[in-house]
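Listed below are the residues making up each chain.
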2 protein chains.
Amino acid sequence: METKDKIRNLAEELIRTKGYNAFSYADLSAPLKIKNAAIHYHFPSKEVLGASVIEEMVLGFQQLSSSWSDQSEKEQIEWFMDIYRNSYEKGMVCLMGSLAPDFETLSPAMQAQIQRMSRVILDWLTACLEQGRTKQVFQFKGEASDRALVLISSLISSLSLSRVQQTDLYSRIRQQLLSDILA
Amino acid sequence: METKDKIRNLAEELIRTKGYNAFSYADLSAPLKIKNAAIHYHFPSKEVLGASVIEEMVLGFQQLSSSWSDQSEKEQIEWFMDIYRNSYEKGMVCLMGSLAPDFETLSPAMQAQIQRMSRVILDWLTACLEQGRTKQVFQFKGEASDRALVLISSLISSLSLSRVQQTDLYSRIRQQLLSDILA
DNA sequence: ATATTTACTTACTAGTAAGTAAGTTTGCCA
DNA sequence: TGGCAAACTTACTTACTAGTAAGTAAATAT
């Protein structure tokens, strides 16, 4: 892997463990055994690095969710929830869960990227729920978009709450969310 | 109000808008027209200030929730949700939503306080849901404690997501959460 | 073979962070 | 009236922040 990707990947990890405002260039340069200035060579500023991390995440999600498109809606939702299980197991929160509370402190460019990220995920989730309901795989009251909101908001916080309480709250929340939508 | 309370209140506001790691002593001293060192007089360190903010919040919640005890469980849950509406209207996230993602970067003392805060809120919510179900005010599947987890996690993220999307997602999530538990 | 570009390092800057030691003002108490 | 404590300010320190300018070695292009 190239240095640029190593920097971006480590930055993502740091954002998702310590938060955007709590990590520094030293946290990147030391483990990668490069100098501070090498980061600036690849990413002119911290906000450009941050924006790049989000962009890569959105791209990754779009590819991943596309690869599920021939599976049932139930399985797609379960794969989606598995992303969060994976985060939980690594002791990380998701990118949205980390960046959304810091929204006000971020540059307009990063804010726009975060908005886009939330749009992409919510649109996918809404479409999946809607289609699943049409096919009678799912059963729930209200708009699919509102159901998507409850799902995503609960999953996001399940990771940070699991960390706080040092138990697998993620699995309990996942179970409950699934039983709320399954026919 | 005394200076010490002014400092603590402003600190809470800053944590809930910018996040713990993004606010500085200058953000406190400038608006309060005091000097940096005056904060250190009242709170020896930033972590002591942070812990004090959480302690005050827990105390406030315990008092508030006690004052609801003679009302119906439905009304109690609605009052509880009104706390989040209030936060939404001020453009703030809740203390838990702000501090939980930063958990790893905080001192053991603050971590313990955050754990306590989550316990207090979850215990209250679980008891309220359980009792409401017994009285047939509420109707839901699964353990009350799991239902409480879904409720709180969703409410927490509703605030940060509302900020990101710049719309009142809070109200849509609240509506959906209520319809999921009402008989 | 020469020039240019890529991917850095070295060495630095200006700004900001939390925190501290010592001094000052104000009000109270004996 | 003298002394003392509470609530500060002044002035400072140490540590760290993102960011930059200039230089370099190695690979690539002409």
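Predicted model only: the values in this text are computed from it and were never measured.

Draft legend 1. Structural view of the overall build of chain A. Within chain A, the regular secondary structure consists of 9 helices and 0 strands. Each helix and strand of chain A, placed in order from N terminus to C terminus, yields the pattern α-α-α-α-α-α-α-α-α. What you see for chain A is a C-alpha radius of gyration of 18 Å, in line with the 16 Å of a compact globule of 183 residues. In terms of principal-axis extent, the alpha carbons of chain A reach across some 55 × 30 × 30 Å. When contacts within chain A are restricted to residue pairs at least 6 apart in sequence, those whose partners lie at least 24 apart make up 66%. As presented, chain A carries roughly 8,100 Å² of accessible surface, and 49% of it is formed by carbon and sulfur atoms.

Draft legend 2. Spatial organisation of the protein's contact with DNA strand D. Surveying the vicinity of DNA strand D reveals 16 residues, the closest of which are Y25(A), H40(A), K46(A), T3(B) and K35(B). Taking all atoms of DNA strand D within 4 Å of the protein, the share assigned to sugar and phosphate is 70%. Here S24(A) contributes a side-chain N or O atom positioned 3.0 Å from a phosphate oxygen of DNA strand D. At 2.8 Å, a backbone N or O of Y25(A) approaches a phosphate oxygen of DNA strand D. Within the residue set of the surface near DNA strand D, elements represented by two or more residues are α2 (25-32) and α3 (36-42) of chain A together with α3 (36-42) of chain B.

Draft legend 3. Representation of the interface of chain B and chain A. Contact residues are listed per partner, giving 44 residues for chain B and 45 residues for chain A. Carbon and sulfur atoms make up 55% of the surface buried where chain B meets chain A, a total of about 3,800 Å² over both sides. It is P101(B), V164(B) and Q176(B) in chain B that bury the most area against chain A; as a group they hold 16% of the surface buried on that side. The interface formed by chain B and chain A holds 6 salt bridges in total. Put simply, chain B and chain A have 23 residue pairs in polar contact (both at pLDDT 80 or more) between them. Mapped by element, the contributors of at least two residues to the side of chain B that touches chain A are α6 (95-99), α7 (108-134), α8 (144-165) and α9 (169-181) of chain B. At 16 residues, the largest contribution of residues to the side of chain B that touches chain A is made by α8(B). The residue makeup of the side of chain B that touches chain A, split by class, is 16 nonpolar, 18 polar and 10 charged.

Draft legend 4. A look at the relation of the copies chain B and chain A. The transformation that overlays chain B on chain A combines an axial shift of 0.0 Å with a rotation of 180°, and the residual RMSD is 0.0 Å. Read as a symmetry element, the transformation amounts to a two-fold axis. Distance from the rotation axis, computed per C-alpha, reaches its smallest value in chain B at S154(B): 2.1 Å. A shared interface surface links the copies, since 100% of the contact residues of chain B are contact residues in chain A too.

Draft legend 5. View of the protein's contact with DNA strand C. Taken together, 15 residues surround DNA strand C, and among them T3(A), K35(A), Y25(B), H40(B) and K46(B) come closest. Sugar and phosphate atoms represent 69% of those atoms of DNA strand C found within 4 Å of the protein. A distance of 3.0 Å separates a phosphate oxygen of DNA strand C from a polar side-chain atom of T3(A). One of the backbone nitrogen or oxygen atoms of Y25(B) is found 2.8 Å away from a phosphate oxygen of DNA strand C. Elements that contribute at least two residues to the surface near DNA strand C include exactly α3 of chain A together with α3 of chain B. Broken down by element, the surface near DNA strand C gets its largest block of residues, 4 residues, from α3(A).

Conventions we followed
- Residues numbered from 1 in each chain as written.
- Chains lettered and ligands numbered in written order.
- Predicted model: local features only at pLDDT ≥ 70, side-chain atom pairs only at ≥ 80, totals over all residues.
- Heavy atoms only, no water.
- Helix = DSSP H or I, 4+ residues; strand = E, 2+ residues; numbered from the N terminus.
- Rg over C-alpha atoms; globule rule 2.2 N^0.38 Å.
- Contact = heavy atoms within 4.5 Å.
- Areas by Shrake-Rupley, 256 points an atom, 1.4 Å probe, with all protein chains shown as cover.
- Near = heavy atom within 4 Å.
- Polar contact = N/O pair within 3.5 Å; in protein donor to acceptor, adjacent residues only side chain to side chain.
- Buried area = accessible area lost by both parts, 1.4 Å probe.
- Salt bridge = Lys/Arg side-chain N within 4 Å of Asp/Glu carboxyl O.
- Nonpolar A, V, L, I, M, F, W, Y, C, P; charged D, E, K, R; others polar.
- Least-squares fit on C-alpha atoms with pLDDT ≥ 70 in both.

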